Amino acid sequence: METIIEAINVFKHFTGRKPGQVIKACDDISFSIQKGKTLGLVGESGCGKTTVGRVLIRLLDPDSGSVLYRGADLVELTPKEVRPLRKNFQMIFQDSRAAFNPRMRVYDTLKESLRLYRALKAREVRDEIKNLTSRVNLHRGLLYHFVGNLSGGELKRLDIARALSIHPEFIIADEPLALLDMAIQSQIVNLLLQVQQEENTAILFISHDLKMVRMLSHTVAVMYRGKIVEYAPKTLITENPLHPYTVYLWDPRSSDFYVRFFENGCVYKNSCRLFHKKGFPLMCSEKQPKLLEYERGHFVACHFAK
Ligand SMILES: Nc1ncnc2c1ncn2[C@@H]1O[C@H](COP(=O)(O)OP(=O)(O)O)[C@@H](O)[C@H]1O
Ligand SMILES: [Mg+2]
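Values in this document were obtained by computation on a predicted structure and should not be read as measured data.

A closer look at the site of ligand 1
Close to ligand 1 lie F14, I23, A25, E44, S45, G46, C47, G48, K49, T50 and T51. The contact in question runs from an oxygen atom of ligand 1 to an N or O atom on the backbone of G48, over 3.0 Å. Within the side chain of K49, a nitrogen or oxygen atom sits 2.8 Å from an oxygen atom of ligand 1. Burial of ligand 1 by the surrounding chains reaches 61%, relative to a free accessible area of 560 Å². Taken together, the elements giving at least two residues each to the shell around ligand 1 come down to β2 (22-34) and α1 (49-56). Top element by residues in the shell around ligand 1 is α1. It accounts for three residues. By residue class, the composition of the shell around ligand 1 is four nonpolar, five polar and two charged.

Focus on the packing of aromatic side chains
The description of an aromatic ring pair rests on the distance of the ring centres and on the angle between the ring planes. Considering all chains together, one arrives at nine aromatic pairs under this definition. For the pair Y245 and Y268, a centre-to-centre distance of 5.0 Å together with 50° between the ring planes defines the contact as tilted. Taken together, the positions of Y245 in helix α9 (residues 244-250) and Y268 in the loop between α9 and α10 (273-277) put the pair 23 residues apart, joining distant regions of the chain. The pair formed by Y245 and Y268 is uniform in burial state, with each residue classed as buried.

Brief notes about the pairing of β2
Within a regular strand, side chains alternate between the sheet's two faces. Two elements, strand β1 (residues 3-15) and β2, share ten bridges in a ladder whose sense is antiparallel. In the sheet register, A7 faces β2, and the bridge partner there is F31. Hairpin connection, β1 to β2: the antiparallel pair is bridged by six residues, and G20 has positive phi, about 80°.

Here we look at the sheet that holds strand β4 (residues 64-69)
Read across the open sheet, the four strands follow the order β2-β1-β4-β5; overall the sheet is antiparallel. If you trace the sheet from one side to the other, it starts and ends with β2 and β5 (72-73), each paired once. Both β4 and β5 contribute to a ladder of two bridges, which runs antiparallel. Each residue of the ladder has a partner; that of L68, found in β5, is D73.

Quick word on the sheet that holds strand β12 (residues 298-300)
Taking strand neighbours across the sheet as the criterion, the eight strands line up as β6-β7-β8-β3-β9-β10-β12-β11 in an open arrangement whose pairing is mixed. Two strands close off the open sheet at either side, each with one partner strand: β6 (89-92) and β11 (292-295). Averaged over all neighbouring strand pairs, the angle between strand axes comes to 20°, with direction disregarded.

Topic: the pattern of salt bridges
Inspection of the entire model under this criterion finds ten salt bridges. The salt bridge involving K12 is made with D63; its shortest N-O contact spans 3.8 Å. With K12 in strand β1 and D63 in the loop between α1 and β4, the pair connects residues that are 51 residues apart, well separated along the chain. Using a relative accessible area of 45% as the deciding quantity, one classes D63 as partly exposed. Salt-bridge contacts for E169 lead to R70; the nearest nitrogen and oxygen are separated by 2.3 Å. Here E169, found in the loop between α5 (152-164) and β7 (170-174), pairs with R70, found in the loop between β4 and β5; they are 99 residues apart in sequence, far enough to count as distant. Taken together, the salt bridges that share partners define one network made up of E2, R70 and E169.

Quick look at the environment of F275
With respect to the helices and strands, F275 occurs in helix α10. Taking the C-alpha atoms as reference points, F275 and L210, 65 residues apart in sequence, are found 22 Å from one another.

A closer look at helix α4 (residues 122-135)
Taking 1.5 Å as the rise per residue, α4 with 14 residues should run 20 Å; its terminal C-alpha atoms sit 20 Å apart, in good agreement. Listed as buried for α4 are V125, E128, I129, L132, T133 and R135. The buried residues of α4 occupy an angular sector of 155° when the element is viewed end-on, so they sit on one face. Packed against the buried residues of α4 are α3 (106-117), α5 and α6 (182-199). Taken from the residues just after α4, N137 is the one with a positive phi, measuring 60°.

Calculation notes
Residues numbered from 1 in each chain as written. Chains lettered and ligands numbered in written order. Predicted model: local features only at pLDDT ≥ 70, side-chain atom pairs only at ≥ 80, totals over all residues. Heavy atoms only, no water. Near = heavy atom within 4 Å. Polar contact = N/O pair within 3.5 Å; in protein donor to acceptor, adjacent residues only side chain to side chain. Areas by Shrake-Rupley, 256 points an atom, 1.4 Å probe, with all protein chains shown as cover. Helix = DSSP H or I, 4+ residues; strand = E, 2+ residues; numbered from the N terminus. Nonpolar A, V, L, I, M, F, W, Y, C, P; charged D, E, K, R; others polar. Phe/Tyr/Trp six-rings, centres within 6.5 Å; stacked < 30°, edge-to-face > 60°. Buried < 20%, exposed > 50% of the residue type's maximum accessible area, 1.4 Å probe, protein only. Pairing = 2+ DSSP bridges. Axes fitted to C-alpha atoms, helices over the stretch in contact; angles between N-to-C directions. Salt bridge = Lys/Arg side-chain N within 4 Å of Asp/Glu carboxyl O. Expected span 1.5 Å × (residues − 1). Arc of directions from axis to C-beta. Contact = heavy atoms within 4.5 Å.

This is the structure:
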């Protein structure tokens, strides 16, 4: 399988508002995404998902670590060297409204993107815009509407059409479904799946909802406070979740308590049912467990995973 993008031991810490506070948004993150495959990145709000996405396409410089794109380390490249690679990456955000100029017409929005990234003749631009709108099932009648007048679902389709206009090799979809209602969500999921099949796109799909992630992903990385705590093919995450946090994400009702121990040791222990059940083992308070392979391709960071 052909690896498109790979994060290797990426760290990105921020200074918090309180004095001396360090926010570990990425704390030793490693994973890879293959051509035509989706990695689902799941975790609660604030755990560092967006930061991972931004570092991956060099919108943000990591403190340390590497990001390999087709084997070349993006972290080592100058901004000028990164720029021509940009057209291979596209990002679809949660809030599509913020990603567009509301006073521009749909047609001109797509035209601008095509102009920027692809050398097409006027006639080809027109054909390509027709082609794009029909692929994402955006009604042709909307082409001359202002972007600001589109509904949430229409905007998301436009966002995807714009991403597709440059044939990216890699798409980051950062909570793309969060502001849409259920019926539209499933349409967008199907659209992303269809795009991936047609273009063999590698996708990083970011969400706080494990059930949503499961629909799209081939592999799932579960993140908690800047760390990947479980990383495995979707089937194993579904059938045999080994980290207590993954178990909780499948059934949020299963966590009904909260203890406040020190911050050192395992990042999850204060919310961990197992830590509680086992009588607060010292090991969990003393040492962050390493992400280890428990069965083929199934990595877990828990002292008590078996
Ligand atoms: N530019 C920044 N400066 C300071 N803190 C930041 C910055 N960007 C993100 N953070 C903090 O890093 C943590 C992770 O943020 P983020 O990656 O947006 O999480 P998620 O996408 O999982 O909700 C949060 O605590 C957030 O407040
Ligand atoms: Mg985010």
